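Here are the chains, one letter per residue:
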There are 2 protein chains.
Amino acid sequence: LPGIPLPDSIRFAGDIPAAIQGTEVVVLAVPSKAFRTVAEQLPSFGGAIVSVTKGIEYGTGLTMSGILQQTAPKATVAALSGPSLAIEVARDIPTAVVVAASEMETASRMQALFHRPAFRVYTSLDVMGVELGGALKNVIAIAAGVCDGLGFGDNSKAALITRAIVEIRRLGVASGARSETFGGLSGLGDLTVTCFSRLSRNREFGERLGRGEKVEQILSSRWTVAEGYHTARAAYQLGQRLKIETPIVDEVYAMLYEAKNAGRAVHDLIARDSKVE
Amino acid sequence: LPGIPLPDSIRFAGDIPAAIQGTEVVVLAVPSKAFRTVAEQLPSFGGAIVSVTKGIEYGTGLTMSGILQQTAPKATVAALSGPSLAIEVARDIPTAVVVAASEMETASRMQALFHRPAFRVYTSLDVMGVELGGALKNVIAIAAGVCDGLGFGDNSKAALITRAIVEIRRLGVASGARSETFGGLSGLGDLTVTCFSRLSRNREFGERLGRGEKVEQILSSRWTVAEGYHTARAAYQLGQRLKIETPIVDEVYAMLYEAKNAGRAVHDLIARDSKVE
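Owing to the predicted nature of the structure, the values given are computational and were not obtained by experimental measurement.

Cut-offs and rules
Residues numbered from 1 in each chain as written. Chains lettered and ligands numbered in written order. Predicted model: local features only at pLDDT ≥ 70, side-chain atom pairs only at ≥ 80, totals over all residues. Heavy atoms only, no water. Least-squares fit on C-alpha atoms with pLDDT ≥ 70 in both. Contact = heavy atoms within 4.5 Å. Buried area = accessible area lost by both parts, 1.4 Å probe. Salt bridge = Lys/Arg side-chain N within 4 Å of Asp/Glu carboxyl O. Helix = DSSP H or I, 4+ residues; strand = E, 2+ residues; numbered from the N terminus. Buried < 20%, exposed > 50% of the residue type's maximum accessible area, 1.4 Å probe, protein only. Phe/Tyr/Trp six-rings, centres within 6.5 Å; stacked < 30°, edge-to-face > 60°. Polar contact = N/O pair within 3.5 Å; in protein donor to acceptor, adjacent residues only side chain to side chain. Core = buried A, V, L, I, M, F, W, Y, C linked by side-chain atoms within 4.5 Å. Patch = residues over 30% accessible without salt bridge, like charges linked within 9 Å, V, L, I, M, F, W, Y side chains within 5 Å. Areas by Shrake-Rupley, 256 points an atom, 1.4 Å probe, with all protein chains shown as cover. Pairing = 2+ DSSP bridges. Axes fitted to C-alpha atoms, helices over the stretch in contact; angles between N-to-C directions.

Caption draft 1: Geometry of the relation of the copies chain A and chain B. Between chain A and chain B, the superposition needs a rotation of 180° and an axial shift of 0.0 Å, giving an RMSD of 0.0 Å. Those values place the two copies in the arrangement expected of a two-fold rotation axis. When you check the interface residues of chain A against chain B, 100% turn up at the interface there too, and the contact is symmetric in its surfaces.

Caption draft 2: Representation of the interface of chain A and chain B within the structure. Residue-level contacts link 45 residues of chain A with 45 residues of chain B. Together chain A and chain B conceal approximately 3500 Å² of surface at their shared face, both sides included; 58% is due to carbon and sulfur atoms. Run the count over chain A and chain B and you get zero salt bridges. Listing elements by their share of the side of chain A that touches chain B, those giving two or more residues are helix H4 (86–90), strand S4 (95–101), strand S5 (119–124), helix H7 (154–174), helix H8 (185–196) and helix H13 (262–271) of chain A.

Caption draft 3: The pattern of salt bridges, seen in detail. In this structure the tally under the stated criterion is 26 salt bridges over all chains. Residue A:Asp268 is joined to A:Arg264 by a salt bridge in which the shortest nitrogen-to-oxygen separation is 3.6 Å. Of this pair, A:Asp268 and A:Arg264 are both found in helix H13, four residues apart, which corresponds to roughly one turn of the helix. For A:Asp268, a relative accessible area of 23% gives the class partly exposed. Linking B:Asp190 and B:Lys137 is a salt bridge whose minimum nitrogen-to-oxygen distance equals 3.5 Å. Note that B:Asp190 is positioned in helix H8 (residues 185–196) and B:Lys137 in helix H6 (residues 127–149), a separation of 53 residues in sequence. Neither B:Asp190 nor B:Lys137 differs from the other in exposure class; each is buried. Among the ionic contacts, a cluster of salt bridges with common partners joins A:Asp148, A:Lys157, A:Arg198, A:Arg203, A:Glu207 and A:Arg211.

Caption draft 4: Representation of the packing of aromatic side chains in the model. All names here are of chain A. Applying the stated criterion across every chain yields a total of nine aromatic pairs over all chains. Arranged with centres 6.1 Å apart and planes meeting at 35°, the rings of Phe205 and Tyr229 form a pair that is tilted. Separated by 24 residues along the polypeptide, Phe205 in helix H9 (residues 201–210) and Tyr229 in helix H11 (residues 227–242) bring together distant segments of the chain. Take Phe205: its relative accessible area is 0%, and that puts it in the buried class. Overall, Tyr229 belongs to the buried group, its relative accessible area being 14%. Seen from their ring centres, Tyr253 and Tyr257 are 5.3 Å apart, and the 25° between their planes marks the pair as stacked. On the criterion of helical spacing, the pair formed by Tyr253 and Tyr257 is a turn pair, its members being four residues apart in helix H12 (residues 247–257). Overall, the relative accessible area of 26% leaves Tyr257 in the partly exposed class.

Caption draft 5: Broad picture of the side chain of B:Lys157. Residues and elements named next belong to chain B. Note that Lys157 resides in helix H7 (residues 154–174). A polar side-chain atom of Lys157 sits 3.1 Å from the main-chain carbonyl oxygen of Cys195. Apart from the residues within four sequence positions on either side, Lys157 is in contact with Ala144, Cys147, Asp148, Cys195, Phe196 and Arg203.

Caption draft 6: Main features of the side chain of A:Thr181. Residues and elements named next belong to chain A. Relative to the assigned elements, Thr181 resides in the loop between H7 and H8. Of the residues examined, Thr181 reaches a relative accessible area of 6% and is grouped as buried. Among the polar contacts made by the side chain of Thr181, one reaches the side chain of Asp126 at a distance of 2.5 Å. In this structure Thr181 touches Asp126, Gly129, Val130, Ser186 and Gly187, once residues within four positions along its chain are discounted.

Caption draft 7: Main features of the nonpolar core. In this structure, A:Leu256, B:Leu209, B:Val252 and B:Leu256 are the most contacted members of the largest nonpolar core, which totals 84 residues. If we skip the residues at most four places from it in the chain, B:Leu209 touches B:Ile142, B:Val146, B:Val215, B:Ile218, B:Met255, B:Leu256 and B:Ala262.

Caption draft 8: Structural context of a nonpolar patch on the surface. All names here are of chain A. A grouping of Leu6, Ile10 and Phe12 is seen on the molecular surface, where their side chains present a nonpolar patch of about 360 Å² in accessible area. As for its position among the elements, Leu6 is in the segment before helix H1 (16–19). Using a relative accessible area of 56% as the deciding quantity, one classes Leu6 as exposed.

Caption draft 9: Structural context of the sheet that holds S4(A). Residue and element names in this part refer to chain A. Taken in spatial order, the five strands make up an open sheet running S1-S2-S3-S4-S5, and their pairing is mixed. Only two strands of the sheet have a single neighbouring strand rather than two, namely strand S1 (25–28) and S5. When strand polarity is set aside, the average angle formed by the axes of neighbouring strands in this sheet is 25°. The strands touched by helix H3 (residues 64–71) within the sheet are S1, strand S2 (48–51) and strand S3 (76–81), with S2 carrying the most contacts at an inclination of about 150°.

Below you can see the structure in the form of structure tokens.
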């Protein structure tokens, strides 16, 4: 993060097994594409792993905690998510997030570890819901950015968000998550910030798409890929597999992987809405 | 609206009873403070009245449709609300709103009347829910603006919105509204746009408050009063009367009517949150 010096206490290491020797808690914060590769280096780790990665694995449909169950079966797993633009967290701007684990004891331990006056951590037992909210919102943010790029306004984005949270919840509940989680910080909270903030990379990706840039052009001009690009494909596949209607995800998928025109995609999305709310 | 010419077909009149002679539908779009005075001029009107005013009457706790039931008992009443910043609507930017009436026939008629390709109208039978969502979001927008004025960021606002929709729903359901309505366009949709958009007057009011201006100073520098200023007082009263906890409304009320320091109010709000989401 430009302008934010890292604490001197942080050490850098390239050898993961050596680095985690004697460690109680590991935070995994790598892009979802690299998650399995990194997670495979923790096969005998018996401490707690906190995933802050937001994504769904293409093919398996697994969230990051699902991958960890396979690659690090001895570890206790937690997921931390919520509306937390990195630069704002680094500047000590008040932020509230959720840490989820399948057992409250783990969630509470992680809460105690991460909680700060300006970084408030709430607990949840719904790992799947917290992870899916964080992952799927990146796909919606691309759609929100497309609206921006097409010159649409805040009214359009507000309507999109309202529809999106219903869609995310539907897909999430079918995957085993709790409905209420999507109304919380890791669902609705993260969705609003990602769709409205100028600082969101997924939104920006969509904005360029809406302005007429080609997907390949956008991908090649960035050294990090917006997570929503990968998640769109995995979420589309998940919806198909679970036979859940996901109109917004479908249109984002079509724009990203089938070269569908952005204006056409948004038009189709608007036109398919029913008339009773 | 600057730069938006009004259609030539619009005529201006000062005499309301004469103006509505032979009219089937009247749209009431006056500030909530003036609503009853204007509504009292429709005692024998037998057509449909569509209220687009967002407020709660101080003292009675009535929404605008409640006032109309008293002042225009022969009229059929509908409420139109949703994320619809005026300047964007005027520019034909895609917008989706809800029209609510106690009978579907009325709601459908108003839908047919207002629906346009870029102004999509959905129907609802929950008049109270649609009205309260629209009114209460203005109070929350002041709190969101205070966060902006204090130099907080989008993370803080996202957390605020997540808590706010729970508070609005609680107060709304206690008033007889349907819970689901607050997750729709007139609830969540309108709340997000009002809290995040640069164009929102209530948010701007809060921003000036957060920057340290006095309430009197802000009020005297504007020729229109942000609706949230009045609604905060009425909503606070409503919460007290219904014995519903309204922490955000309470702090906004304290800032506006008890000269509570903005930084202190936000601090108290953050501090009172519990630890399990």
